[in-house]
Amino acid sequence: MREQIDAIKQKFNEKLAALSTSEELEKLRVEVLGKKGEFTQILRSMGSLSAEERPLIGKLVNEAKEELEEKIRFVKESLKERATDAKLKNEVIDITLPGVKSPMGGKHPLMMTMEKIENIFLEMGFTIEEGPEVELDYYNFEALNIPKDHPARGEQDTFYIDDQVVLRTQTSPVQIRTIENQKPPIKMISPGKVYRSDDVDATHSPIFYQIEGLVIDKGITFADLKGTLDLFVKKMFGDDIITKFRPHHFPFTEPSAEMDGTCFVCHGEGCKVCKGEGFMELLGCGMVHPEVLKKGGIDPEVYSGFAFGFGLDRMTMQKFGIDDIRLLYESDMRFLKQFK
């Protein structure tokens, strides 16, 4: 069997020197070292040997296999390097050609509008405050002068986690938390996501964004409210916008108002966007209700304040002339690429 092992090695070396591809190398490996290869056949025929010869022949076979496997590894690496060199020689790269640019993302129109609004209020000395989206019923309703039997709760379709926990329906709870944790003067806005159980259509979504603001200090009047909000909308939509205030009711402010602004499309002439009225509703506002100040530990005899709030989605739609809120949430690249 020694002669047979030497013959296999010699034949292997001759074929190894003649091959030129990885496929031929693999074929040779299987032929000699595979499960049905020549060495396997020798091992299977060792039953005819004496007990003394078997370990000697087994050792010779294993040594021969290790020797040939090492040669295969060496030749395999050599063939791989040779193939790489040939590929590089055949490839021609023109380094003067312009590169292919990777697609770049852009800001979402909601975020573009939010950043502009935040910058306007930061310039006016406001701070930006944040709070939890999963909120206690107390902060979402009761601290805002909306007790459990108040009819205003019926006007807001709320997602309840349990009797005491809700998905916040507004960012007003951030105002209450700020009142509890900061002493006047307070001048803040609270942008963020809110949730209401609304059916999805062109103007409604169960998830949307709000930005609310709060100012508390000594001597704050409705004139401060009007001046602040008038300046905000002029910076937001242009100096030619005209604002007006209509009486309204909110449980957490008294007196309360809705603020309208001249239509950004027709500038007050009347068009289909503003439904011929020349004005569009922009936000709700009012003087902070004394009961809200009391719940926050602030003496309404010493301090007063105003609050306001508006939907960021609606403000974005007005600014960019978008007529369907669903476009802001569907991630349609054909729509979003317009705002790069």
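Because the structure is a prediction, the values reported are computed rather than measured.

Rules used in this analysis
- Residues numbered from 1 in each chain as written.
- Predicted model: local features only at pLDDT ≥ 70, side-chain atom pairs only at ≥ 80, totals over all residues.
- Heavy atoms only, no water.
- Helix = DSSP H or I, 4+ residues; strand = E, 2+ residues; numbered from the N terminus.
- Rg over C-alpha atoms; globule rule 2.2 N^0.38 Å.
- Buried < 20%, exposed > 50% of the residue type's maximum accessible area, 1.4 Å probe, protein only.
- Contact = heavy atoms within 4.5 Å.
- 1 Å grid on protein atoms, 1.4 Å probe; cavity = no way out; pocket = protein on both sides within 12 Å on 5 of 7 lines; lining within 4 Å.
- Points joined across faces, edges and corners; volume = space filled by probe spheres on them.
- Nonpolar A, V, L, I, M, F, W, Y, C, P; charged D, E, K, R; others polar.
- Polar contact = N/O pair within 3.5 Å; in protein donor to acceptor, adjacent residues only side chain to side chain.

Student: How should I be thinking about the overall build of the chain in this particular structure?
Tutor: Within the chain, the regular secondary structure consists of eleven helices and nine strands. For 340 residues, the compact-globule estimate of 2.2 N^0.38 gives 20 Å, and the C-alpha radius of gyration of the chain, at 39 Å, exceeds that figure by more than 25%. Per-residue burial for the chain yields a buried fraction of 41% across its 340 residues. Taking contacts inside the chain between residues at least 6 apart in sequence as the whole, the part at least 24 apart equals 65%.

Student: Would you explain unusual backbone geometry in this entry?
Tutor: The phi torsion of most residues other than glycine is negative, and most of the peptide bonds are trans. Look at the link from Pro 184 to Pro 185: it is a cis peptide, with omega at 5°. Residue position: Pro 185 is located in the loop between α7 (172–181) and β4 (186–195). Of the consecutive residues Glu 254 and Pro 255, the connecting peptide bond is found in the cis state with omega at 0°. Its location among the elements puts Pro 255 in strand β7 (residues 253–262). Residues other than glycine seldom take positive phi values, yet Asn 145 does so here, at roughly 65°. With respect to the element layout, Asn 145 can be found in the loop between α6 (137–140) and β3 (165–167). Backbone geometry places Ser 331, a non-glycine residue, at a positive phi of 55°. On the secondary structure map, Ser 331 appears in the loop between α10 (312–320) and α11 (333–336). Given a relative accessible area of 57%, Ser 331 falls into the exposed group.

Student: I'm lost on empty space enclosed by the protein in this one. Help?
Tutor: A water-sized probe rolled over the atoms picks out the places where empty space is left. Within the structure shown, the criterion is met by two cavities of 30 Å³ or more. There is about 60 Å³ of room inside the largest cavity. If you trace the largest cavity, you find it lined by Leu 144, Gln 175, Ile 176, Leu 214, Phe 252, Thr 253, Val 288, Val 292 and Ala 307. When grouped by side-chain class, the residues that make up the lining of the largest cavity number seven nonpolar, two polar and no charged. Put simply, the second largest cavity is a space of about 40 Å³. Every residue along the wall of the second largest cavity is listed here: Phe 237, Ile 241, Gly 261, Thr 262, Phe 264, Met 280, Leu 282 and Gln 318. Taken together, the residues of the lining of the second largest cavity sort by class into five nonpolar, three polar and no charged.

Student: Whenever I open this one, the side chain of Thr 169 confuses me. Can you help?
Tutor: As for its placement among the helices and strands, Thr 169 is situated in the loop between β3 and α7. By relative accessible area, which is 0% here, Thr 169 ends up buried. Side chain to side chain, Thr 169 and Asn 140 meet in a polar contact 3.1 Å long.

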